[in-house]
Amino acid sequence: MKRYHWMLLVLLGVWVMAQDSSLPGLKETGNYTQGSLGQVLQPLPVTNAQPDGVYSVGAWPLYTPELADGPGKELVMGYCQVCHSTTYITMQPPLPAATWDAEVQKMIKTYGAQIPDDAAKQITAYLQAHYTPETRKQ
Amino acid sequence: MDNPMHRRNFLQRAAGVLAAAGMLPWVKAQTSSQTAEALPSFTGPGPNPYWNGVNPFVVYPQKLPLLRLTDRGIQLETPRQYFRTAFTPNEAFFVRYHLDLIPNSIDLSSWRLNVEGNVEKPLTLSMQDLLTRFKPVSVAAVNQCSGNSRSRFQPRVAGGQWGNGAMGNAIWTGVRLMDLLQEAGVKPGTVQLQFQGLDRGPGPEGKGSNAFIKSLDWNDPVLQECIVAYRMNGEPLPMLNGFPVRLVVPGKFSTYWMKHLTWIRALTKPDDNFWMATAYRIPDTPRGNTTPADIAAGKVKTVPIGNVNMPVRSFIVDPDGSSKLVAGLPVEIRGVAFSGYGRVTKVEVSLDGGKTWRVAQLGDYHGPYSFRTWSFQWKPTQPGRYTLAVRATDEKGNVQPDEPVWNPGGYLWNRIERQDVVVGTAS
């Protein structure tokens, strides 16, 4: 249960940040929640909604697969998930070590991810240790 | 430009996510009991051999189960079976976001479409204005991701590992972009029109990780065809497809079809933001084809993918190889075809892997930018293994090639598609 509570806190944090918005008409954005496994309940029709100008949907469900275990995993989960879930890693085909290095550098230089040099080195080493053609298992 | 996420917030958010790293529970994929064996969880370093990507089914608001590429930001692929018809259901239409702050709720009482920049009279239009002050028009048009079929590339390239399902066709209804611009009065000196929606990311302002922004050249003839669409297949747009309005750019890849469209800006200088200057660029070569060696040598000049239209493509939807066919039992080979360069004039089917070709029957014509269905009646008489193939030709004479394409972005795939089938005996 403790792990579950932590997850809710993270998601709440992301969501609270997202509400600091001055975009016209934007009532809520970036609301995510853990997605369901197995059977999925049908959505209730919106017949009870108010006939006003607000058009809403539920939170976006997360379906994030587990990363390979190994040194650097927690750094990846922390820094990479500031902007995107680690599904962006597991979705890729096995990529050469040089490509993973370039991807990490792109996140820092092009997209402005604020990752200390030492952490970036460990993140790159982790990705190369688990997600190249030679190393990928899952 | 308004931005919800400033540097301070980015750091706060980074701290929050970091604090909880290692504590997140993980989703364990389940193997469907529908099949004895599931697809692998990834493909590579060889090409993905399957029609769709190998990703699992997931359920999102306003959507039927789709194939999850990524869950934050959200990228969902349409399963093959939804392409049996010329129009793709809204509930099954693919989803592709670049950033993770995706609207969950929009208030039309304060939402406005802004037409601004180098114009005589800036406009601030409500949904009511769009519905009542401008003549509605409709177009049937295919919306296809630039990276559709990226998982076919050899060598593989990083990016969304789509199979063939990052596409869909809909009847889009809304107001002509040019009607809005005429009312605003675009001033001389305009070189591009810039489009921006309500989705944002947590990255620093001015970076591609903060906002997704695209521009089209002011002299591009496609502007005459563009629609600011508030209806999709006769319904309001699903949130994940751009509610309340999105830009429709017939014949061009989806990257220009801005979702949650809220700003249209007339620019006097070419847009040099990340999403124009760095991303979504293709080699300035036939088919956008190049090699890893030429890229590494820095020899390749690139242009925005908007400089080209979508190349001609066709797809086999049935039979899909999920079960054996029966010798002597007729089967309908069928699917869809389209081209960004105009009407599909011919679809040909091969029963021998592409050695010989026979003309398929074309379905109804819904306009030059739409899917066109095709079908071919086949009665396999001999048990065995067959490789079916399909190729389309458009009105400009473009024929699908059998050579692969390669570029570092994973764009513009349009090689001939194949489907292996097994025919069993009836006796």
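Residues numbered from 1 in each chain as written. Chains lettered and ligands numbered in written order. Predicted model: local features only at pLDDT ≥ 70, side-chain atom pairs only at ≥ 80, totals over all residues. Heavy atoms only, no water.

**Remarks on the overall build of chain A**
And step 1. Helix and strand content of chain A: five helices and four strands.
And step 2. Moving toward the C terminus, one meets the helices and strands of chain A in the order α-β-β-β-β-α-α-α-α.
And step 3. Taken over 138 residues, chain A has a buried fraction of 46%.
And step 4. Put simply, 61% of the contacts in chain A that link residues at least 6 apart link residues at least 24 apart.
And step 5. Of the roughly 7,300 Å² of accessible surface on chain A, 59% is carried by carbon and sulfur atoms. (Helix = DSSP H or I, 4+ residues; strand = E, 2+ residues; numbered from the N terminus. Buried < 20%, exposed > 50% of the residue type's maximum accessible area, 1.4 Å probe, protein only. Contact = heavy atoms within 4.5 Å. Areas by Shrake-Rupley, 256 points an atom, 1.4 Å probe, with all protein chains shown as cover.)

**Topic: the packing of aromatic side chains**
And step 1. Applying the stated rule across the entire model yields 21 aromatic pairs over all chains.
And step 2. Consider the rings of Tyr63(A) and Tyr60(B), whose centres lie 5.8 Å apart with planes at 50°: the pair is tilted. With Tyr63(A) in the loop between strand 4 (60-62) and helix 2 (73-79) and Tyr60(B) in the loop between strand 1 (57-58) and strand 2 (66-71), the pair connects residues from two separate chains.
And step 3. With a relative accessible area of 6%, Tyr63(A) lands in the buried category.
And step 4. Taking 6.0 Å as the distance between ring centres and 80° as the angle between the ring planes, the aromatic pair formed by Phe83(B) and Phe371(B) counts as edge-to-face. One end of the pair, Phe83(B), is in the loop between strand 3 (74-77) and strand 4 (95-96); the other, Phe371(B), is in the loop between strand 23 (361-362) and strand 24 (372-378), with 288 residues separating them in the sequence. (Phe/Tyr/Trp six-rings, centres within 6.5 Å; stacked < 30°, edge-to-face > 60°.)

**Details of the pairing of strand 15 (residues 263-267) of chain B**
Residue and element names in this part refer to chain B.
And step 1. Burial runs high along strand 15: five of the five residues are buried.
And step 2. With four bridges connecting them, strand 6 (residues 113-117) and strand 15 associate as parallel partners. From the neighbouring strand, Asn114 faces strand 15, where its bridge partner is Trp263. (Pairing = 2+ DSSP bridges.)

**Let's talk about the sheet that holds strand 18 (residues 313-318) of chain B**
All names here are of chain B.
And step 1. Pairing is antiparallel across the open sheet formed by four strands, whose spatial order is 18-20-24-23. The sheet is open, and its two borders are formed by strand 18 and strand 23, each paired with just one other strand.
And step 2. In this sheet, strand 24 lies alongside strand 20 (residues 331-338) in antiparallel orientation, the contact comprising seven bridges. Residue pairing for strand 24: Glu332 is matched across the bridge by Gln377.

**Side note on the confidence of the model for chain B**
Residue and element names in this part refer to chain B.
And step 1. Per-residue confidence for chain B averages 94 on the pLDDT scale, and 92% of its residues sit at or above 70.
And step 2. For chain B, the element scoring lowest by mean pLDDT is helix 1 (residues 7-20), at 61; strand 14 (residues 246-248) scores highest, at 99.
And step 3. Throughout residues 1-5 the model reports pLDDT below 50, and contacts reaching past four residues in sequence, or to other chains, amount to 24 contacts.
And step 4. Reported confidences for the modelled complex are a pTM of 0.93 and an ipTM of 0.92. (pLDDT = per-residue confidence, 0-100.)

**Observations regarding the pairing of strand 25 (residues 384-394) of chain B**
Residue and element names in this part refer to chain B.
And step 1. Here strand 21 (residues 344-350) pairs with strand 25 via six bridges, running antiparallel. Along strand 25, the bridge assignment pairs Glu348 with Arg391.
And step 2. By the bridge criterion, seven bridges tie strand 25 to strand 26 (residues 417-424) in an arrangement that is antiparallel. Bridge pairing in strand 26 links Gly384 to Val423.

**Section: the packing of helix 4 (residues 97-109) of chain A against helix 5 (residues 117-130) of chain A**
All names here are of chain A.
And step 1. Packing of helix 4 against helix 5 brings their axes to within 9 Å, and their N-to-C directions diverge by 145°. Crossing hand, helix 4 versus helix 5: right-handed. Counted together, Ala97, Ala98, Trp100, Asp101, Val104 and Ile108 of helix 4 and Ala120, Ile123, Thr124, Leu127 and Gln128 of helix 5 form the full contact between these two elements.
And step 2. For the contact of helix 4 with helix 5, the per-class residue count stands at eight nonpolar, two polar and one charged. (Axes fitted to C-alpha atoms, helices over the stretch in contact; angles between N-to-C directions. Left-handed = near helix turned anticlockwise from the far one by under 90°. Nonpolar A, V, L, I, M, F, W, Y, C, P; charged D, E, K, R; others polar.)

**A word on the side chain of Arg313(B)**
Residue and element names in this part refer to chain B.
And step 1. For Arg313, the location among the structural elements is in strand 18.
And step 2. Here Gln144 takes part through its side chain, which lies 3.1 Å from a polar atom of the side chain of Arg313.
And step 3. Look past the residues within four positions of Arg313 in its chain and what remains in contact with it is Gln144, Asn148, Ser149, Asn164, Ala337, Phe338, Ala392, Gln400, Trp413, Asn414 and Glu417. (Polar contact = N/O pair within 3.5 Å; in protein donor to acceptor, adjacent residues only side chain to side chain.)

**Describing the sheet that holds strand 1 of chain B**
And step 1. A sheet is described by the order of its strands in space; here four strands give the open sequence 1-2-3-4 (chain B), paired in antiparallel fashion. Because the sheet does not close on itself, it has two edges, and the strands there are strand 1 and strand 4 of chain B.

**Structural notes on unusual backbone geometry**
Residues and elements named next belong to chain B.
And step 1. In the segment running from Gly44 into Pro45, the intervening peptide bond is cis, with an omega of 5°.
And step 2. Along the chain, the position of Pro45 falls in the loop between helix 1 and strand 1.
And step 3. The omega angle of the peptide bond from Gln154 to Pro155 is -10°, so this bond is cis rather than trans.
And step 4. In this structure, Pro155 sits in the loop between strand 8 (136-144) and strand 9 (167-176).
And step 5. Non-glycine residue Arg287 carries a positive phi angle of around 65°.
And step 6. When you line up the elements, Arg287 lands in the loop between strand 16 (281-283) and helix 5 (292-296).
And step 7. Even without being glycine, Leu412 reaches a positive phi, approximately 70°.
And step 8. With respect to the element layout, Leu412 can be found in the loop between strand 25 and strand 26.

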